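Architecture and fold: a report
Residues per chain are reported as follows:
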Amino acid sequence: MQKGIGPSVYSDGNKPDAGTNRLQAVAQGKDVGAEVHPKVLEETPVLEIDRFNLWYGSKQVIHDISMPIIRKQVTALIGPSGCGKSTLLRSVNRMNDLIQNIRITGDMRLNGDSIYEPRMDVINLRKRMGMVFQKPNPFPMSIFENVVYSLRIDGEKNRSVLDEVCEISLRGAALWDEVKDCLNDSALKLSGGQQQRLCIARAVAAEPEVLLLDEPCSALDPIATGKIEDLIQELRGQYSILMVTHNMQQASRASDYTAFIYLGRLIEYGPTSDIFTNPVLQETESYVTGRFG
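Residues numbered from 1 in each chain as written. Predicted model: local features only at pLDDT ≥ 70, side-chain atom pairs only at ≥ 80, totals over all residues. Heavy atoms only, no water.

1. Considerations on the packing of aromatic side chains
Convention followed: A pair of Phe, Tyr and Trp rings is counted when the ring centres sit within 6.5 Å of each other, with Trp represented by its six-membered ring. The angle between the planes then sorts it: under 30 degrees is stacked, over 60 is edge-to-face, the rest tilted. Helical segments are the DSSP runs of H or I of at least four residues, strand segments are the runs of E of at least two, and each set is numbered from the N terminus. Each residue is assigned to one of three classes by its accessible area relative to the maximum for its type, calculated with a 1.4 Å probe on protein chains only: buried under 20%, partly exposed between the two thresholds, exposed over 50%. Placement of a charge over a ring requires the Lys NZ or Arg CZ to be within 6 Å of the ring centre, with the centre-to-atom vector within 35 degrees of the ring normal.
Tallied over the entire structure, the rule returns three aromatic pairs. Centre to centre, the rings of Phe 52 and Tyr 116 are 5.6 Å apart; their planes meet at 40 degrees, and the pair counts as tilted. Placement of Phe 52 in strand S2 (residues 45–56) and of Tyr 116 in the loop between strand S6 (113–114) and helix H4 (122–127) is noted, with a sequence separation of 64 residues between them. Given the relative accessible area of 0%, Phe 52 is considered buried. A residue is classified by how much of its surface remains accessible, and Tyr 116, at 16% relative accessible area, is buried. Sitting above the plane of the Phe 144 ring, Arg 159 keeps its charged end 4.2 Å from the centroid.

2. Notes on the sheet that holds strand S3 (residues 59–70)
The criterion, for reference: Strands pair, by our definition, only if DSSP identifies at least two bridges between them. Residues are treated as being in contact if the distance between any of their heavy atoms lies within 4.5 Å. Working convention: axes come from line fits to C-alpha atoms, limited for helices to the stretch in contact. Angles between N-to-C directions cover 0 to 180 degrees.
If you walk across this open sheet you meet the four strands as S3-S2-S5-S6, and the pairing is antiparallel. With one partner strand each, in any of the chains shown, S3 and S6 form the two edges of the open sheet. With eight bridges connecting them, S2 and strand S5 (residues 102–110) associate as antiparallel partners. Within the sheet, the bridge partner assigned to Leu 54 lies in S5 and is Ile 104. With respect to the sheet, helix H3 (residues 85–92) is in contact with S2, S3 and S5, its orientation differing from that of S2 by roughly 120 degrees.

3. What about the environment of Leu 231?
Summarising the element assignment, Leu 231 is placed in helix H10 (residues 222–235). Put simply, Leu 231 and Glu 42 are 189 residues apart on the chain and 27 Å apart in space, counted from C-alpha to C-alpha. Among residues more than four places away in sequence, those in contact with Leu 231 are Gly 172, Ala 173, Ala 174, Arg 197 and Ile 200.

4. A look at the pairing of strand S9 (residues 241–244)
Where a strand is regular, its side chains alternate between the two sheet faces. Neither face of S9 is open: one carries Ile 241 and Met 243, the other Leu 242 and Val 244, and all of them are buried. Here four bridges tie strand S4 (residues 74–78) to S9, and the two strands are oriented parallel to one another. Opposite Ala 76, over in S9, you have Met 243 as the bridge partner. Sheet analysis places strand S8 (residues 210–214) next to S9, joined by four bridges and oriented parallel. Each bridged residue has a counterpart across the sheet, and for Leu 211 the counterpart in S9 is Ile 241.

5. Regarding the sheet that holds S8
As summarised here, the arrangement of the seven strands in space is S1-S11-S10-S4-S9-S8-S7, forming an open sheet in which the pairing is mixed. Looking at the sheet topology across the chains shown, the edges are occupied by strand S1 (35–36) and strand S7 (129–132). Along the sheet face, helix H9 (residues 192–205) touches S7 and S8 and points at about 170 degrees away from the line of S7. Contacting S4, S8 and S9, H10 runs over the sheet at an angle of about 155 degrees to S9.

6. Thoughts on the pattern of salt bridges
So the rule is basically this: When a carboxyl oxygen of Asp or Glu is within 4 Å of a side-chain nitrogen of Lys or Arg, the pair counts as a salt bridge.
Evaluated as defined, the whole model comprises 18 salt bridges. In this structure, the salt-bridge partner of Arg 109 is Glu 48, at a minimum N-O distance of 3.6 Å. Placement of the pair is Arg 109 in strand S5 and Glu 48 in strand S2, with a sequence separation of 61 residues. With respect to class, Arg 109 is no different from Glu 48; both count as buried. Between Asp 97 and Arg 94 there is a salt bridge, with the nearest N and O atoms lying 2.7 Å from each other. Residue classification places Asp 97 among the partly exposed residues on the basis of a relative accessible area of 36%.

Okay, structure coming up:
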């Protein structure tokens, strides 16, 4: 069992009876223990989510989630729309702090540092995270300035350093060959798929400890989606990536670990190959094979 993570999540003592559907139990507001595969607990985490709960006003949307996010691997969060995937992701860099009437209990720890410690510098925390949203959001400035933005705000003025980071980041985002001759052009002139890869380059330029991807392909066509998936594969092993996706095929192709979330509760979490080919729970199999959701 991973040190510091709630034991009830990993025990079988809280399972419904064999004839009981976990998802029905969750829909009825019952507590249902998550099925976390032993392989997950054998790996080194970059992020530990520990008994995390979140409310919007009086409505609870995240229920007692505990899970380690594995270092230098890709972890996908899957589940039906509105199940809390993006809310959980945005809790990692405390973007939900910007919403009124938010209340949380529990904790998250990034490389051992409590994200919700009152003395945590949230601006510094967000520098340690790279965030890429559903819709590409390049800044209204040149391609070059988009990539080196994080260095600029940290006061870096050395042009050779900026040039080097720009090229390395764009190469890492598989975009360098397409834009190397137009770095001073507006980023807004790029196609949607190129803009999204630029946003990934901008995120990795800051050398984040975790890269957060919130349905990064949902606004893209199939060709652009394929390029983003190829990019995620190339970044695997270099970055710890936590991504939300509604696309089962994408999760199965792009991730190392997959967590199935339903109505704000973790249902099953394990290696992606097991979740999609040999899940412990029938409910997980029903979801990943498209029988519901």
